[in-house]
4 protein chains.
Amino acid sequence: MPIERKVLLTQSEDHTGLIAQITHICFKHGLNIIKNDEFVDREHHQFFMRTELEGVFNDQLLLDDLNQSLSKKTAHRLTTATRKRIVIMVTKEPHCLGELLMKSLYGALNADIVAVIGNHTTLEELTEKFDIPFHYITHENLSREQQEDNIQQIIAGYKPDYIVLAKYMRILTPSFVEQYNNRIINIHHSFLPAFIGARPYHQAYARGVKIIGATAHFVNNDLDEGPIISQDVTRVDHRHTAEEMAQAGRQVEESVLLHALQQVTNEKVFVYENRTVVFD
Amino acid sequence: MPIERKVLLTQSEDHTGLIAQITHICFKHGLNIIKNDEFVDREHHQFFMRTELEGVFNDQLLLDDLNQSLSKKTAHRLTTATRKRIVIMVTKEPHCLGELLMKSLYGALNADIVAVIGNHTTLEELTEKFDIPFHYITHENLSREQQEDNIQQIIAGYKPDYIVLAKYMRILTPSFVEQYNNRIINIHHSFLPAFIGARPYHQAYARGVKIIGATAHFVNNDLDEGPIISQDVTRVDHRHTAEEMAQAGRQVEESVLLHALQQVTNEKVFVYENRTVVFD
Amino acid sequence: MPIERKVLLTQSEDHTGLIAQITHICFKHGLNIIKNDEFVDREHHQFFMRTELEGVFNDQLLLDDLNQSLSKKTAHRLTTATRKRIVIMVTKEPHCLGELLMKSLYGALNADIVAVIGNHTTLEELTEKFDIPFHYITHENLSREQQEDNIQQIIAGYKPDYIVLAKYMRILTPSFVEQYNNRIINIHHSFLPAFIGARPYHQAYARGVKIIGATAHFVNNDLDEGPIISQDVTRVDHRHTAEEMAQAGRQVEESVLLHALQQVTNEKVFVYENRTVVFD
Amino acid sequence: MPIERKVLLTQSEDHTGLIAQITHICFKHGLNIIKNDEFVDREHHQFFMRTELEGVFNDQLLLDDLNQSLSKKTAHRLTTATRKRIVIMVTKEPHCLGELLMKSLYGALNADIVAVIGNHTTLEELTEKFDIPFHYITHENLSREQQEDNIQQIIAGYKPDYIVLAKYMRILTPSFVEQYNNRIINIHHSFLPAFIGARPYHQAYARGVKIIGATAHFVNNDLDEGPIISQDVTRVDHRHTAEEMAQAGRQVEESVLLHALQQVTNEKVFVYENRTVVFD
C-alpha cells in the first residue's frame, strides 16, 4: 500500500485532552504528523485542528476510531490535497479572472477552473484562450430566479468544490446562496472609512483616503457580508485620480482573491460564527 | 545678511503659467529652489505648490511681489522650519502621548510639546518625566461648555500651532472646533469594514477581520470626520483576542499619529474641500 | 489642430531659475501644465523635471525654444504616452512572463509585447495563447557571442523600446548590454542579508530569514547590478520550506517587475550615476 | 492551590507520537491546553512545541513525567510568563533605547529594564528619567577584554534574562558572547542589496535603493550574524537624502527590535542550527 499525505480537519466543542486523543489515534494508525495547527476559541469554546498526516491510510477505520473515542459534537474531515474544482462567475472586469486563469495554468493555484459563467460576453475570449468553457447566461428579460436557475443548471454539470465571484456584479438571492453554503467566495474593495452608495472610488477620492483595500469572504445569508478569508491594502495619495484609485484597487483585489483561494483550496480555512480560522 | 532656508506655500485657483510666474519671482529675488512639489486638482481647479527656497530673504518684498503679479485668489504663506508648538490633550491611554514625548525629546518630531491637558490625572506622571507641564481639567460636575472654557484658557496661554488629540476620549463641541480651524489633529482606529457603536475591537474580533488600521485627521465641523492626513494598517488573525487586536491597533495608532505630525510640522500638508494634499 | 497630451522630460546640470525658464516657455507656447514633478540631486548638481503638458503642440519649435534659452548641458525629450514596444526574454519560469502577458492584454501595462525570445521552448505555448510570436534561440553548441548575435537579429526586426529579462537565466555579455543602454530591465530576488552562490532560497531557509524581496533594475556594465527601479518584499517564516520561500519570492518578483515596467513605460524614470529618479 | 497559566516549551528530535505523548501527560495532570503551536523541521528532524497550559501545576512532577516517558533527546522547559529582566547596552543613539524604555514603562513590553550600560554618557539623562540605573563603562585606555570585564561585572549584579544591544557600536569578543549564549539580542539596518564597509546609508543613497530594512537577531559566534528573530522594511525613494534614509532606518530599527523582544520575552522563540522558530 502506498504512502500518502492527507489533511485531517477537526472542529469540535473544546474540552481537555482533545489534542492528546486525536494525535494518539493517529499515532496508533502509524501515521506521522507532518504539520499540526490548532486553535481554541475560548469565548465560544470551539476547538479547531488541522493535521497533515503521512503514512498508509485506512480512511474509514481512522474516521471511525476518531468518532468513537471523541464526543458526538466533533466533526472530522479527512481530505487529500487533490486540486479543487472551481467555477468562476464574472461580469465585465478582467483582472480577477485573468489572475486566476494564469495562476491555475502553471500551478500557483491548487485548483482547476472547470468553467466560467458570465452575464456578459466580454470575457469569453479571454477564457477561451485557456481552453476553458465559457457560458453566457444573460439576465436580460429574466427574473432573478430564472437567471439563477440557468446558472445553477450549468454549475450542477461541473460539480465544483467552490464558486468564485470574480467581480460578478449582480446580487445573489438567498436561495441561491443557501445551495452553496460556505462554498461561494467573493472579492470586493474596502475603504477606511467605508463608503456607502454609488461610485465608491469617487467618494474615496473626494475624501482623500490614503489607503485602498480589498476583502475576500465567503458569501452567506448572515448579517454583514460573510466570513472574511483574506484582506490587504495598497497606498494611494492626492495625486491618484478616482480612476487611478480604482486601478490600484483592482490590483489589490486580484491578489487578495488569489491568496484567499490558495488558503481555501489547500484546506487551511475553517468557518464558524460568521468568522474564519485560517491556518496559513 | 545670512543665507536661510524657508518654505513657500501657494494655494490658488489654477490657471496657465502659475509655476512659471512664481518660480520666476523667486529667481528674481536670487532664491534657489531646493525642492519643489506641485499638484493640480483638475476637478476643483485648485493649484498647490510647496517650494523650499534657499538664499537671502526679504520676506515682505517677496510676498508683495507674489501677490501683485498673481491673481487675488492666490494665497501665499512663507514659513521657516522652526519647531512648531504643540498642546496635547489626553485621557488615560499612554501610547500616543508616550510616542510623541519621546520623539519630540530627541528630535524625530519637529515640534515642542509645550503642555499636556488631561481630563484624568493618569498621564500626569508620564508627562512630568519629560519636564512638561500637565494640566488636569476635569469634566466632572461641569457642562461640556464649562470644561471646554477651562481648556481654552489653558491653551490660550501657550499659543500653540497645533492641538493634538492623543486619545482624548471626549467629543468636542462645534464652537471649540471652530476656534482652531484645521489646527486640531486626531487619531482613531479604523477597520475594514467599519464598525459602528460600542467596543469596536470586540466587533472586529467577532467578525474575524484580518487587518486593523488607524487614521490621523484634522478635526472640523464638516460631514464625516475631517480631512485625512495619514493612514496605515497592521495584520491580525484569528489567534488575536479582542484585547490583542486593541494592542495591535494602539501600535499602529501611535505610528500613524507620529507620521501625520511629522508631515504637518514640516509644512507638507494643504487642506481644502475636506481632503488633504500631502507632499511627502 | 488637435489638443494633445505629452510628457516633457528635462535633465540638466542644476542652476537657479530652471523651473521658471522651462515653465515660462511652455506657457508662451500656450501649453497647460497638468502635472509637474521636479527633483534636484544637490550632491551631483543634477536637475530632473517631468512635465505633463496639454495643448496644441509644435514639437520642434518647443524643443528649439527650450534648447536655445537653456544651457547646452540640458537634455530635453518630448514624448507621447503611446504604448511602448517590449521584447521579453525568458528561460523556463512562467510567472513573470504570464503576469506581463495578462496585464498587457487588458491594458494594465502600457506596452505591447511584440515578441518573446526563449533559450528553451518551455514557454512557447503560453506565449502563443496570446497570439504573440515566440522565438526559440538555443544556446546549445553555440558560443555566447553567436547566440547573442542570433538574439540581436530577432530583436532588430521588432525595434522595441525596451527588452525585459523575465527570468532569463543566462548572463549577457558587455557588448550585448552596450547595444541597449538603459533599455534592458531585469528582475531578481533579493534577501536580507544577501546570499552569494548557488541555491539562494536554500541558504535563506537555512538562515531563517523572515523577509523575501525582489529588485527590478536596468542592466548596464557598471559595478553592481545597474540602477534600481523598484523593490518590494513579502513575509515568510520558519514554516516555509525552501520551495515555499521560492514561491513567495516568485509572487513578489512578478509584481515588482510589473510595477517597474508601469513606471518606465509611463515615462516616469530617469537614470543617472547608477541610480534612478522615479516620479510615481 | 491556585489556578495558574504557564508555558511548556519542548524541543526534541522528531519521532511519531510526540504530540500525543506530551498532550496526554498534560491531560493526566488536569491541565487545559489554552494554545498549542507545533513545528517540525523535516530536514533536521527537529520537533518544537509551545504549549500554553492552565490549571494547578506541580512543576517537578510534570517535568519528571515528561522526561520519563519521552526520549532523552528531548528538552522541556516550563516557564511562567513573569516579566523578564533586561540589561540594555547603548552608545549614543537614543531611538532604540527610548522605544524600549517607553514600552516597558506602560506594559507594551513584557520586561523590566533593570539597567542601562553605555560606553558614552550621552543617554544617561534619558535613562534616568525612567528611574533606571545608568552605568558608564568607558572603553578608553582599556583593552577590549578589560572593558568587557567591567561590563560583565555590572551585568552579573543584575542577573538579567537577556542583554539587548540597542545600537551599541562596539564589537563584542567571542568570549563575551559565549557567556550569554542565545541571550544577547542585536539590531542593525539591512539593505537590498547589502552594503559592506563604511557609511552604508551613503552607499544606499548612491545606489538609489527603494527599501531600507532592519534585522533583530541573537548574537553568537557562528558564521554570519546569528539567528534572525524579526525583520521589517520601510520605503524610501530618490528624494530621501542619506540622512533621511538613516532616519527612516532608525524608525524601522526601533520597531523591529521591540517586536523581537516582545516575541522573546513571551517565550515564543526557539533557536537551533543558526535559525529560529518564532510562534507568533
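Preceding this paragraph is the structure being described.
Residues numbered from 1 in each chain as written. Chains lettered and ligands numbered in written order. Predicted model: local features only at pLDDT ≥ 70, side-chain atom pairs only at ≥ 80, totals over all residues. Heavy atoms only, no water.

### Section: the nonpolar core
Core analysis: the largest hydrophobic core is formed by 71 residues, its most contacted members being A:I88, A:L100, A:L257, C:I88, C:L100 and C:L257. Membership of the second largest hydrophobic core comes to 70 residues, among which are D:I88, D:A166, D:I185 and D:A214. (Core = buried A, V, L, I, M, F, W, Y, C linked by side-chain atoms within 4.5 Å. Buried < 20%, exposed > 50% of the residue type's maximum accessible area, 1.4 Å probe, protein only.)

### Some details on the side chain of B:D37
Tracing the backbone shows B:D37 in strand β2 (residues 32-41). Looking at B:D37, the relative accessible area reads 11%, which means it is buried. At 3.1 Å, the side chain of B:D37 and the side chain of B:K35 are in polar contact. Apart from the residues within four sequence positions on either side, B:D37 is in contact with B:F48, B:M49, B:R50, B:F279 and D:R239. (Helix = DSSP H or I, 4+ residues; strand = E, 2+ residues; numbered from the N terminus. Polar contact = N/O pair within 3.5 Å; in protein donor to acceptor, adjacent residues only side chain to side chain. Contact = heavy atoms within 4.5 Å.)

### Overview of the relation of the copies chain A and chain B
It takes a turn of 180° to lay chain A on chain B, together with a shift of 0.0 Å along the axis; the resulting RMSD is 0.0 Å. What we have between these two chains is a two-fold relation. Of all interface residues in chain A, 100% are interface residues in chain B too; the two copies therefore contact each other through one and the same surface. (Least-squares fit on C-alpha atoms with pLDDT ≥ 70 in both.)

### Describing the sheet that holds strand β5 (residues 84-90) of chain B
All names here are of chain B. The seven strands are arranged β7-β6-β5-β8-β9-β10-β11 in an open sheet whose pairing can be described as mixed. Each edge of the sheet is formed by a strand with only one pairing partner; in this case those strands are β7 (134-136) and β11 (228-235). Mean inter-strand twist for the sheet, computed between neighbouring axes without regard to direction, equals 25°. Of the strand pairs in this sheet, strand β8 (residues 162-165) and strand β9 (residues 184-191) are connected by three bridges, and their pairing is parallel. Across the sheet, I163 pairs through a bridge with I184, a residue of β9. Seen against the sheet, helix α5 (residues 144-158) touches β5, β6 (111-118), β7 and β8 and runs at an angle of roughly 160° to β6. (Pairing = 2+ DSSP bridges. Axes fitted to C-alpha atoms, helices over the stretch in contact; angles between N-to-C directions.)

### Quick notes on the relation of the copies chain C and chain A
For the pair chain C and chain A, the relating rotation is 180°, the translation along its axis is 0.0 Å, and the fit reaches an RMSD of 0.0 Å. Both copies present the same face, since 100% of the interface residues in chain C are matched by interface residues at the equivalent positions in chain A.

### Considerations on the interface of chain A and chain B
Many authors give the size of an interface as the accessible area that is lost as the parts come together. Tallying the contact residues gives 35 residues for chain A and 35 residues for chain B. Carbon and sulfur atoms make up 51% of the area that chain A and chain B hide from each other, which totals about 3,000 Å². Taken together, the links from chain A to chain B amount to two salt bridges. Residue B:R235 is joined to A:D232 by a salt bridge in which the shortest nitrogen-to-oxygen separation is 2.9 Å. Run the count over chain A and chain B and you get 18 residue pairs in polar contact (both at pLDDT 80 or more). Here the side of chain A that touches chain B takes seven residues from strand β11 (residues 228-235) of chain A, the largest share from any one element. A class-by-class count of the residues in the side of chain A that touches chain B yields 16 nonpolar, eight polar and 11 charged. (Buried area = accessible area lost by both parts, 1.4 Å probe. Salt bridge = Lys/Arg side-chain N within 4 Å of Asp/Glu carboxyl O. Nonpolar A, V, L, I, M, F, W, Y, C, P; charged D, E, K, R; others polar.)

### Considerations on the packing of helix α3 (residues 95-105) of chain C against helix α8 (residues 242-265) of chain C
A pair of packed helices is characterised by two quantities: the angle between their axes and the separation of those axes. All names here are of chain C. Where α3 meets α8, the axes come as close as 9 Å, and the angle between the chain directions of the two elements is 45°. Comparing their axes, α8 and α3 come out oblique. With respect to the hand of their crossing, α3 and α8 are arranged in right-handed fashion. In this structure, α3 contributes H95, C96, E99, L100 and K103 to the contact, and α8 contributes R250, E253, E254, L257, L258 and L261. Residues belonging to the contact of α3 with α8 are distributed by class as follows: five nonpolar, one polar and five charged. (Parallel < 35°, antiparallel > 145°, perpendicular 65-115°, else oblique. Left-handed = near helix turned anticlockwise from the far one by under 90°.)

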